[in-house]
Amino acid sequence: MSDSNVLLSVEDLHVHFVTSRGVVRAVEGVSYQVRRGEVLAIVGESGCGKSVSSLAIMRLLAKPAGRVVHGKIMFEGVNLLDLTDEEMRERRGRDISMIFQEPMTSLNPVLPIGLQIMEPLFIHLKMTEEQARARAVELLSLVGITDPERRLDQYPHQFSGGMRQRVMIAIGLACNPKLIIADEPTTALDVTIQAQILELMKELSRKLNIALVIITHNLGVVARYADRVNVMYAARVVEKGTADDVFLRPRHPYAMGLMRSVPRLDRPRGAKLETIEGLPPNLLDPPKGCRFAARCQFRADICAQDPALEEIEPGHLSACLRAKEIAAGEIGREQTVIEAGGKREGRAGEKLLSVTGLKKFFEVTRKTGTFSSVKSEVRAVNDVSFDISPGETLGLVGESGCGKTTVGRLILRLETPTEGAIKFKGQDISKLGAAELRPIRRKIQVIFQDPYSSLNPRMTIGQIIAEPLLVYKIVPDAAAAKKRVAELLEAVGLFAYMAERYPHEMSGGQRQRVGIARALAMEPECIVCDEPVSALDVSIQGQIINLLENLQKRLGLTYLFIAHDLAVVRHISDRVAVMYLGRMMELADGDALYAEPLHPYTKALLDAAPIPDPSIEKSRAARTLGGEIPSPLRPPSGCVFHTRCLLADDACKATIPEIREVKPGHLVACLKV
Amino acid sequence: MVTQETIDAERARLGLDRPLGVQFADWMVGLVTLDLGKSMWTDRPVTEEIGLRLELTMQVAIMATIFAVLIAIPLGTISALFKDTWVDYAVRLITIAGLAVPSFWLGMIIILALLYWFNWLPPITYTPIYVDPVANISQLIWPALAVGYRYSAVVARMVRSSIVEVMKEDYIRTARAKGVFEKLVVARHAMRNALLPAITVIGLEFAFLIGGLVVTEQVFNLNGLGKLFVQAVSRNDFTLIQAIVMLIAVVFIVTNLIVDLLYALFDPRIRLGGK
């Protein structure tokens, strides 16, 4: 602690939340240091205490439930916990800034962004209106917002998500703080925008010598940007060290499991994802001894004792009682050999689902005055064609607004296409009426993204799953339905007794399993999976993907797998289609697409996706795709990607590229390929 | 014995011999030109009958609104900021009482108290404010208070719950993380967002007061619109009833329009012409 370079030192921090069901020990005995100008990442899954510990530094814990019960937070030699509220307020925004996860809700919707940036300047630096305005303009240019003068008077709703996060960063930088805490700063953003924001933060922190604490669950982000890493599990730090230490030589089984359960773009596709089985413990009543023991594959008798965070190698600490054995290579080496994912053969010629020239335009009216308005079209899906063979998985990737979800909704016939055909087993279902659709609806089911809002909170799990069984008379009576529900629950890895529970009594992963069981109840042939794992933690995500793959093998299901996570899509898909602004850019065999992307957009997407390995990441040049995703209301002329494409020339502005087969089975819509 | 001729003549005079569509069109034209016919009881023009009463009722409603807003916004805000402390409990007790106590009963208590302690009663005859402001206000302040208490209770509860909600928003946390003074967090960041639902309630309550003050007007012996309405109903005075119902409908629509316009003033996302 004598190190004068240490800016922030958290010592034995304990945070409790008092709830009606008891005391949640959200943070227990967390200690770490941040040196000036360095980037520290805190990694962990939801509920592990990573956000709570940083809110405690800002003293912004929800009152009165959350309180620091023990520990010190030394910032430049002063214990922040001893300061009065007023003294703490003076430091917030001036010495320590915080950037939050949700750019859409973190800015005040009724105040112009100029005022929101200038506020800390008025308060901390006592600037005049003109000085503050000049500084705000400077800050906006610094974070890469063009035309800053004019944009100062605009309101948050006039900015895109990525732009709002830039504004948040500008606010954070306003008073030249010494420390910025970024809580999941890019989780809500698209891949290409995420890369831009992270690159910007890293560059600014270097240039201005600002220490950065990044809190995230995304290991790829950590690998590219962090100097040092703390891994948290169940309220405690379980491993800490340099990024190289933690990624290349993890010494805690949880960290090891975390590294392995992320599907990776830089490795051959495995047949099965490795996962950490089970669920994190409930912090209302944590288990004695090692908290990870219940999920640990190296569990031994000794694990009933409480492990301390001990130095294994210089500067590399692990809270595992068997860490020395891991370090010595006695355990943990015998990783299950991952058999390479073989290609699953679809029955050639026979198409289960065939989509041709699919279009969906939404008409929107935009008011331009009290009595005038303009009608315009959002071309959500524009000329998309593909087909899926029985038993195959087609991945559909793209950033927000690219139309991938609309494609899913069209196939489910929750929307009626403007143009084009959707053939299911040879029958065009694109124009069918409600009555004719009924038997087909049974055969095409859906799994939604959000397991929290897609289950009715007032129905039990059993009722939710049984409802379609009884409506469609798949089973004769209630007793048979109950039996079938039990079967379905077991098929998705839950227990029959859980039918009595309500959704709020289940974890996110369990709810997603319920969602899968509900879809399976209809005995479908095809399932549209709309971002089924993006709301889940890494270790749970792997469990769900494996379940989906097992069910596919057993029941011969066909999936349309919609997601924005390239690695997840690669893992599960046989073929992958890439969409951008309503159009299909590339469609190819999964392995071919990732090994040899042809379309510049696909290349940019793959470049932007961080890989959880610091040695690879640091050698990769920063190749971020510039610019914003254009509004689908006014898509660019010609090739919709030309505004952001490095290869684009005048021809691209004028001609809409046809999608054509460049190699067998590899389709690309680009003039330059 | 009334002859058929007398009946026919009367029907012709009232226009009842014409087709229904023509009668309706005639009435609509009258409505637009503010010619609503004559009261069937007093034979004076309906607009004249309503005019004087509307002035009085309007004034009571406006005074009650001012009173309610002045009380409700600070009270609701304090209650929200000190949520689950004795301050909050006290405010909630006051507001729940405001909802439970009928306005006319409170009015009676006010009159009795004035009589008992000050040996004074508000004037009985109505003096318009432009004739004698003191006499006018000393008469109308009491019904405005009686009605305003309930009104302020409704608004205060709305303000409280919406501030409690807003204080949980991410942008409040952002403001605090910037080191903004707590007072400014509430005044600048929370209030503008929290007032939107309160404005809706204020608008609805205001519209309700025009025509909804029947009993309170009785207690304070005010010759207002509510009283007129009751009289018109008991006398089967159709032309008058029609006009009052129409008026109340117009008041509801106009106040809602004003509320919508205020929304646009407070919330840039609703402003017209924006993207």
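Residues numbered from 1 in each chain as written. Chains lettered and ligands numbered in written order. Predicted model: local features only at pLDDT ≥ 70, side-chain atom pairs only at ≥ 80, totals over all residues. Heavy atoms only, no water.

### Overview of the overall build of chain A
What counts, and what does not: A run of H or I in DSSP counts as a helix once it spans at least four residues, and a run of E counts as a strand once it spans at least two, with each numbered from the N terminus. C-alpha atoms define the radius of gyration in this analysis, and the globule rule sets the expected value at 2.2 Å times the number of residues to the power 0.38. Exposure classes here rest on a 1.4 Å probe applied to the protein chains alone. A residue is buried below 20% of its type maximum, exposed above 50%, and partly exposed in between. By definition, residues are in contact when any of their heavy atoms lie within 4.5 Å. Methods summary: accessible areas were calculated by the Shrake-Rupley approach with a probe of 1.4 Å, and residue burial reflects only the protein chains presented. Only four residue types enter the charge count, namely Lys and Arg as positive and Asp and Glu as negative; His and the chain termini do not. Where a charge lies is defined by one atom per residue type, namely NZ (Lys), CZ (Arg), CG (Asp) and CD (Glu).
In terms of helices and strands, chain A carries 22 helices and 24 strands. Relative to the compact-globule value of 26 Å for 673 residues, chain A shows a C-alpha radius of gyration of 26 Å, a close match. Counting only residues that meet the buried cut, chain A has 57% of its 673 residues in that class. Considering only intrachain contacts with a sequence separation of at least 6, the fraction spanning at least 24 residues in chain A is 69%. Of the accessible surface of chain A, which amounts to about 27900 Å², a share of 51% is contributed by carbon and sulfur atoms. Distance from the positive charge centre (86 side chains) to the negative charge centre (82 side chains) of chain A: 3 Å.

### Describing the packing of aromatic side chains
Definition in use: Note on aromatic pairs: the rings of Phe, Tyr and Trp (six-membered ring only in Trp) are paired at centre separations within 6.5 Å, and the planes decide the class, stacked below 30 degrees, edge-to-face beyond 60, tilted for the rest. A ring is scored as having a charge over it whenever the NZ atom of a lysine or the CZ atom of an arginine sits within 6 Å of its centre and within 35 degrees of its normal.
A complete count under the given rule lists nine aromatic pairs over all chains for this structure. With 5.5 Å between their ring centres and 85° between their planes, Tyr116 of chain B and Trp117 of chain B make a pair best called edge-to-face. Comparing Tyr116 of chain B with Trp117 of chain B shows no difference in burial state: the two are exposed. The rings of Tyr233, Tyr254 and Phe292 of chain A are connected pair by pair, giving a single aromatic cluster. When the ring centre of Phe159 of chain A is taken as reference, the NZ or CZ atom of Arg151 of chain A above it lies at 4.1 Å. Here Arg570 of chain A stacks its cationic end above the ring of Tyr594 of chain A, 5.8 Å away from the centre of that ring.

### Examining the interface of chain B and chain A
Operational definition: When two components associate, each loses some accessible surface as probed by a 1.4 Å sphere; the sum of these losses over both components is called the buried area. Here, a salt bridge means any Lys or Arg side-chain nitrogen found within 4 Å of an Asp or Glu carboxyl oxygen. Each polar contact in these results corresponds to two N or O atoms within 3.5 Å; when the atoms are within protein, one needs to be able to donate a hydrogen and the other to accept it, and residues that are neighboring in sequence are counted only if both atoms are side-chain atoms. Three residue categories are used. Nonpolar comprises Ala, Val, Leu, Ile, Met, Phe, Trp, Tyr, Cys and Pro, charged comprises Asp, Glu, Lys and Arg, and polar comprises the others, including Gly.
Of the residues lining the interface, 24 residues belong to chain B; the matching set on chain A comes to 32 residues. Where chain B abuts chain A, roughly 2600 Å² becomes buried across the two surfaces, and 60% of that area is made up of carbon and sulfur atoms. For the interface between chain B and chain A, the tally reads two salt bridges. Across the salt bridge formed by Glu119 of chain A and Lys178 of chain B, the nearest N and O atoms sit 2.9 Å from each other. Where chain B touches chain A, the interface holds 13 residue pairs in polar contact (both at pLDDT 80 or more). Breaking the side of chain B that touches chain A down by element, the ones donating at least two residues are α7 (170-177) and α8 (182-212) of chain B. Top contributing element to the side of chain B that touches chain A by residue count: α7 of chain B, with six residues. Of the residues that constitute the side of chain B that touches chain A, the class distribution is eight nonpolar, six polar and ten charged.

### Some remarks on helix α1 (residues 50-58) of chain A
Residue and element names in this part refer to chain A. Among the nine residues of α1, eight are classified as buried, and the element is accordingly described as predominantly covered. Among all positions of α1, only Lys50, Val52, Ser53, Ser54, Leu55, Ala56, Ile57 and Met58 are buried. Backbone geometry just downstream of α1 places Arg59 in the positive-phi region, at approximately 55°.

### So, the sheet that holds strand β1 (residues 6-19) of chain A
Strand pairing in a sheet relies on backbone hydrogen bonds. The paired strands run either parallel or antiparallel. Residue and element names in this part refer to chain A. Heads up, the condition is: When DSSP finds two or more bridges between a pair of strands, those strands are recorded as paired. The axes are straight lines fitted to the C-alpha atoms, using for helices just the contacting stretch, and the angles between their N-to-C directions are given from 0 to 180°.
Read from one edge to the other, the open sheet built from four strands follows the order β2-β1-β4-β5, with strand pairing classed as antiparallel. At either end of the open sheet lies a strand with only one pairing partner, and these are β2 (22-35) and β5 (78-79). With eight bridges joining them, β1 and strand β4 (residues 66-75) adopt antiparallel strand pairing. Within β4, the residue paired with Leu8 across the bridge is Phe75. Across the sheet, α1 touches β1, β2 and β4, and the angle it forms with β1 is around 110°.

### Observations concerning the sheet that holds strand β7 (residues 179-183) of chain A
Residue and element names in this part refer to chain A. Judged by pairing direction, the sheet is mixed, and its eight strands sit side by side in the order β6-β7-β8-β3-β9-β10-β12-β11 without closing on themselves. For this open sheet the edge positions go to β6 (96-99) and β11 (310-313), each flanked by a neighbour on one side alone. Here the average twist between neighbouring strands, direction ignored, is 20°. Here β7 runs beside strand β8 (residues 211-216); their pairing, made up of five bridges, is parallel. Looking at the pairing, Asp183 lines up with Ile215 of β8. Relative to the sheet, helix α6 (residues 161-173) contacts β6 and β7, its axis offset from that of β6 by approximately 170°.

### Considering the pairing of β6 of chain A
All names here are of chain A. Burial along β6 is two-sided: Ile96 and Met98 facing one way and Ser97 and Ile99 facing the other are all buried. Of the pairings in the sheet, the one linking β6 to β7 comprises four bridges and is parallel in character. Counted as the bridge partner of Ile96 is Leu179 from β7.

### Some remarks on a nonpolar patch on the surface
All names here are of chain B. We count it as follows: A patch consists of residues whose relative accessible area exceeds 30% and which take part in no salt bridge; residues with like charges are grouped when within 9 Å of each other, and nonpolar side chains (Val, Leu, Ile, Met, Phe, Trp, Tyr) when within 5 Å.
Residues Phe104, Trp105, Met108, Ile109, Leu112 and Val215 make up a contiguous nonpolar surface patch of roughly 550 Å² in combined accessible area. Looking at the nonpolar patch element by element, the count peaks at five residues for helix α5 (residues 103-118). On the secondary structure map, Phe104 appears in helix α5. Using a relative accessible area of 35% as the deciding quantity, one classes Phe104 as partly exposed.

### Here we look at the pattern of salt bridges
Pairing of side chains with opposite charge becomes possible as their charged atoms draw close. Under the definition given, this model contains 48 salt bridges over all chains. When the shortest N-O distance is used, the salt bridge between Arg236 of chain A and Asp306 of chain A registers 3.1 Å. A residue pair is termed long-range when its members are at least 10 positions apart, and Arg236 of chain A in strand β10 (residues 236-242) and Asp306 of chain A in the loop between α10 (253-261) and β11 qualify at 70 residues. Close ionic contact of Glu165 of chain B with Lys168 of chain B constitutes a salt bridge, the shortest N to O distance being 3.4 Å.

### A look at helix α12 (residues 404-411) of chain A
The buried count for α12 of chain A comes to six of eight residues, which makes it a mostly enclosed element. Among the residues trailing α12 of chain A, Arg413 of chain A stands out with phi positive, at a value near 60°.

### Focus: the packing of helix α3 (residues 46-81) of chain B against helix α11 (residues 238-266) of chain B
All names here are of chain B. For clarity, the threshold we go by: Under this scheme an angle from 65 to 115 degrees is roughly perpendicular, one under 35 degrees roughly parallel, and one over 145 degrees roughly antiparallel; angles in between are oblique. Rotating anticlockwise by less than a right angle from the far helix to the near helix defines a left-handed crossing, while the corresponding clockwise rotation defines a right-handed one.
Running from amino to carboxyl end, α3 crosses α11 at an angle of 45°, the nearest separation of the two axes being 10 Å. Classed by the angle they form, the pair α3 and α11 counts as oblique. Read as a crossing pair, α3 and α11 show a hand that is right-handed. On the side of α3, the interface is formed by Val46, Glu49, Ile50 and Leu54, while α11 contributes Thr239, Leu240, Ala243, Ile244 and Leu247. Each residue belonging to the contact of α3 with α11 can be placed in one class, and the counts come to seven nonpolar, one polar and one charged.

### A look at the environment of Val397 of chain A
Residues and elements named next belong to chain A. Position of Val397 among the secondary structure elements: in strand β15 (residues 393-397). For Val397 and Leu258, which are 139 residues apart along the polypeptide, the C-alpha to C-alpha distance reads 24 Å. Setting aside residues up to four positions removed in sequence, Val397 forms contacts with Lys404, Ala563, Leu566, Val569, Val576, Ala577, Val578 and Met579.

### A few points about unusual backbone geometry
Residues and elements named next belong to chain A. Positive phi, normally seen in glycine, also occurs at Asn209, with a value near 55°. Of note, Asn209 is situated in the loop between α7 (191-208) and β8. Judged by its relative accessible area of 48%, Asn209 falls in the partly exposed class. Unlike most non-glycine residues, Asp383 shows phi in positive territory, near 60°. Looking at the element boundaries, Asp383 is found in strand β14 (residues 373-388). Residue classification places Asp383 among the partly exposed positions, given a relative accessible area of 40%.

### Regarding the side chain of Ser430 of chain A
All names here are of chain A. Within the fold, Ser430 resides in the loop between β17 (427-428) and α13 (434-443). For Ser430, a relative accessible area of 0% gives the class buried. Those residues in contact with Ser430 that lie beyond four places of it in its chain are Arg413, Thr416, Pro417, Gly420, Ala421 and Ile422.

### Here we look at the pairing of strand β22 (residues 583-589) of chain A
Residues and elements named next belong to chain A. A large share of β22 lies buried, amounting to seven of its seven residues. Pairing analysis gives six bridges linking strand β21 (residues 575-580) to β22, with the strands arranged antiparallel. Each residue of the ladder has a partner; that of Tyr580, found in β22, is Arg583. Linking β21 back to β22 in an antiparallel pair, the connection comprises two residues, with Leu581 at a positive phi of about 50°. Relative to strand β24 (residues 666-668), β22 runs antiparallel, the two being bridged by two bridges.

### A look at the packing of α8 of chain B against α11 of chain B
Residue and element names in this part refer to chain B. The interhelical angle for the contact between α8 and α11, taken along N-to-C directions, is 165°, at an axis separation of 9 Å. Taken as axis vectors, α8 and α11 run roughly antiparallel relative to one another. With respect to the hand of their crossing, α8 and α11 are arranged in right-handed fashion. Classifying every residue of the contact of α8 with α11 by side-chain character gives 17 nonpolar, five polar and one charged.

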